[in-house]
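The lines below spell out each chain.
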Amino acid sequence: MNIRELSSLLYDECGKCQDRFFDMRERDEVPDFYEDVKPYADYWHTKINQWQEESLLYIQQERPKYVHKPQIDTAAEGMTQFFVQSFYKETSKKRFIQTIQAAQYTLQTFMLAIDEKSDER
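Residues numbered from 1 in each chain as written. Predicted model: local features only at pLDDT ≥ 70, side-chain atom pairs only at ≥ 80, totals over all residues. Heavy atoms only, no water.

Considerations on the side chain of Ser86
To be explicit about the condition: In DSSP terms, a helix is any run of H or I states spanning at least four residues, a strand is any run of E spanning at least two, and both are numbered starting from the N terminus. N or O atoms within 3.5 Å of each other form a polar contact, as long as, within protein, one can give a hydrogen and the other can take it, and as long as residues adjacent in sequence are counted only when both atoms are side-chain atoms. What makes two residues a contact is simply this: any of their non-hydrogen atoms within 4.5 Å.
Assignment of secondary structure puts Ser86 in the loop between helix H3 (69-85) and helix H4 (93-120). Separated by 3.1 Å, the side chain of Ser86 and the backbone oxygen of Phe83 make a polar contact. Ignoring any residue separated from it by four or fewer positions in sequence, one finds Ser86 in contact with Cys17, Arg20, Phe21, Met24 and Phe96.

What follows is the structure in structure tokens.
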């Protein structure tokens, strides 16, 4: 999976986290940490770390205009948090949604930068 596909996959999963969050609030359920949350988090945290490493390498090599290391680091940190927080109804709704929107904005900007570079070739 290349960095563009991985970025798209994470972007889609951000939307699923938001859906899960509202679903968990509506159903007023508490997830089983070891059965539901941990396996999901472990899987996606690996993907997030891979994305972060490959993105930073891409930025170093390609030098896109509008995407920089701090944005990648912040998006990766945010995703690491809200991918887990999406299971818990106690999570602050406003901050949760803002963090998702920020991560999706960074992912979208990064994908556009990748597409522009590939169009130049």
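Now that the structure has been shown, the text picks up again.
Observations regarding the nonpolar core
Convention followed: The definition of a nonpolar core used throughout is a set of buried Ala, Val, Leu, Ile, Met, Phe, Trp, Tyr and Cys residues joined through side-chain atoms within 4.5 Å. Residue exposure (1.4 Å probe, protein chains only): buried if accessible area is under 20% of the type maximum, exposed if over 50%, otherwise partly exposed.
Counting 29 residues, the largest nonpolar core has Leu10, Cys14, Trp51, Met79, Phe82, Phe83 and Phe110 as its most contacted members. Secondary structure elements with two or more residues in this core: helix H1 (3-27), helix H2 (33-62), H3 and H4. Ranked by residues supplied to this core, first place goes to H4 with eight residues. Residue contacts for Trp51: discarding those within four places in its chain leaves Ile3, Leu6, Ser7, Leu10, Ile72, Ala75, Ala76, Met79, Leu107 and Phe110.

Just geometry here; none of it tells us what the structure is for.
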